[in-house]
Amino acid sequence: MTQLDKKIKKVCSFYISDWHLVTMLLPNIDKKINKGITITTITETNLEEKIQTLLDKLRIKNKERILKIDWKAKEINEEIIKNIIKNNDEIIVNGNIEYIEQINQQIEKILENNSEEFKNKELSIINCYDITKYESKVKEIIEKHDKILNTAGEKDKQEYINSMVIAN
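The structure contained in this document is the topic of the report that follows. (Residues numbered from 1 in each chain as written. Predicted model: local features only at pLDDT ≥ 70, side-chain atom pairs only at ≥ 80, totals over all residues. Heavy atoms only, no water.)

### Some words on the overall build of the protein
Put simply, the rule reads: Each helix corresponds to a stretch of at least 4 residues labelled H or I by DSSP, and each strand to a stretch of at least 2 residues labelled E; elements are numbered beginning at the N terminus. Radius of gyration means the value over C-alpha atoms here, while the globule rule gives 2.2 Å times the residue count to the 0.38 power. Any residue under 20% of the maximum accessible area for its type is buried, any over 50% is exposed, and the rest in between are partly exposed; the area is computed with a 1.4 Å probe on protein chains only. We call two residues in contact whenever any of their non-hydrogen atoms come within 4.5 Å of each other. All accessible-area figures derive from a Shrake-Rupley calculation using a 1.4 Å probe, and residue coverage is judged against the displayed protein chains alone.
A tally of regular secondary structure across the protein gives nine helices and six strands. Against the compact-globule benchmark of 15 Å for 168 residues, the protein has a radius of gyration of 16 Å, which places it among compact chains. On the principal axes, the C-alpha backbone points of the protein span a range of 40 × 40 × 30 Å. Here the protein, with 168 residues, has 43% of them falling under the buried criterion. Within the protein, counting contacts between residues at least 6 apart in sequence, those at least 24 apart form 78% of the total. For the protein, the accessible area works out to roughly 9600 Å², and carbon and sulfur atoms hold 47% of it.

Here it is as C-alpha cells:
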C-alpha cells in the first residue's frame, strides 16, 4: 500500500438515473454533514435542480448546507481541484467513466506533487457510475474501490460482492 493509498478512500456507487443518484446520496451526505465532514462535487452534469426539487419534498435537517454544496457541472483545472482538495474531506465525482477516471488521476497527481502540503490530508472520493451504461464493467469498477455506497450506506466491497453472489 502506497502512502497515497492511505490518504485516499475510494468509494463507488451505481445509479440508474439522476433522480436515483441524488436520492441515494442525500442520506449519506446528511449523515456526514452531521459529523462535520466537508463535501463538494465534481460533476459532468448539472444536478442542482434535482437536489433542490428533492430537498423541497423532504424534511432534512441540513437542507441549507446540502444546497450550499456545488451541484453544478463545471470546468475543472488543476488549480480548482487543488482548492477542492484543500477545503473538503469528501469529493463526489459523477460523469462518464472517462471523466471519473480523469478526475481521479488529477486528484492523485495533485496529492503526489504536493505531498508536503497535503501530508496529513485524508480524502474520500465517491465515484458515481450510471449502471445502465457500465453494467458490464461493474466488477472491474468495484475492484478499483475500497467501499460501495448504496441506499443502505457505505459497505465494504467484499460484503457487497458476497451479497451479489448470494442474489445470483
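Past the structure itself, the notes keep going.
### Things to note about the nonpolar core
Put simply, the rule reads: Within this scheme, the nonpolar core is defined by two criteria: the residues are buried Ala, Val, Leu, Ile, Met, Phe, Trp, Tyr or Cys, and they are joined through side-chain atoms within 4.5 Å.
I42, I81, I85, I91, I103, I107 and Y129 are the most contacted members of the largest nonpolar core, which totals 26 residues. Contributions of two or more residues to this core are made by β1 (8–15), α5 (78–87), β3 (90–94), α6 (97–113), β4 (123–130) and α8 (138–143). Of all the elements, α6 adds the most residues to this core, at seven residues. The residues touching I91, leaving out its near neighbours within four places in the chain, are T40, I42, I84, I85, I107, L123, S124, I125 and I126. Residues Y15, I33, I69 and C128 belong to the second largest nonpolar core, which totals 22 residues.

### Observations concerning the packing of aromatic side chains
Quick note on the threshold: When the centres of two rings from Phe, Tyr and Trp lie within 6.5 Å, Trp using its six-membered ring, the rings pair. Their planes under 30 degrees apart give stacked, over 60 give edge-to-face, and anything left gives tilted.
Counted by the stated rule, this structure contains two aromatic pairs. The interplanar angle of 85 degrees and the centroid separation of 6.5 Å between the aromatic rings of Y129 and Y134 together place this pair among those described as edge-to-face. Of the two residues, Y129 and Y134, neither departs from the other in class, the shared state being buried. Here the aromatic cluster, defined as three or more aromatic residues joined through ring pairs, consists of F14, Y129 and Y134.

### A word on α5
What counts is decided by this rule: This arc is taken over the directions from the axis of the helix to the C-beta atoms. Polar contacts, as counted here, are pairs of nitrogen or oxygen atoms within 3.5 Å of one another; within protein the pair requires one atom able to donate a hydrogen and one able to accept it, and residues that are adjacent in sequence qualify only if both atoms are side-chain atoms.
Within α5, burial applies to I81, K82, I84 and I85. Looking straight down α5, one finds its buried side chains confined to an arc of 160 degrees; they lie on one side. On the buried face of α5, the contacting elements are β2 (39–43), β3, α6 and β4. For α5, the N-terminal capping position is held by N77, with its side-chain oxygen 3.0 Å away from the main-chain nitrogen of E79.

### So, the pattern of salt bridges
Applicable threshold: A pair is scored as a salt bridge if a Lys or Arg side-chain nitrogen falls within 4 Å of a carboxyl oxygen belonging to Asp or Glu.
Evaluated as defined, the whole model comprises ten salt bridges. Close ionic contact of K32 with E90 constitutes a salt bridge, the shortest N to O distance being 2.6 Å. A residue pair is termed long-range when its members are at least 10 positions apart, and K32 in helix α2 (residues 18–34) and E90 in strand β3 qualify at 58 residues. With respect to burial, K32 and E90 carry one shared label: buried. A salt bridge links K86 to E117, with the nearest nitrogen and oxygen atoms 3.2 Å apart. Of this pair, K86 sits in helix α5 while E117 is found in the loop between α6 and β4, placing the two residues 31 residues apart along the sequence. For K86, a relative accessible area of 45% gives the class partly exposed. Several salt bridges converge on common partners, so that one network encompasses K9, K32, E90 and E154.

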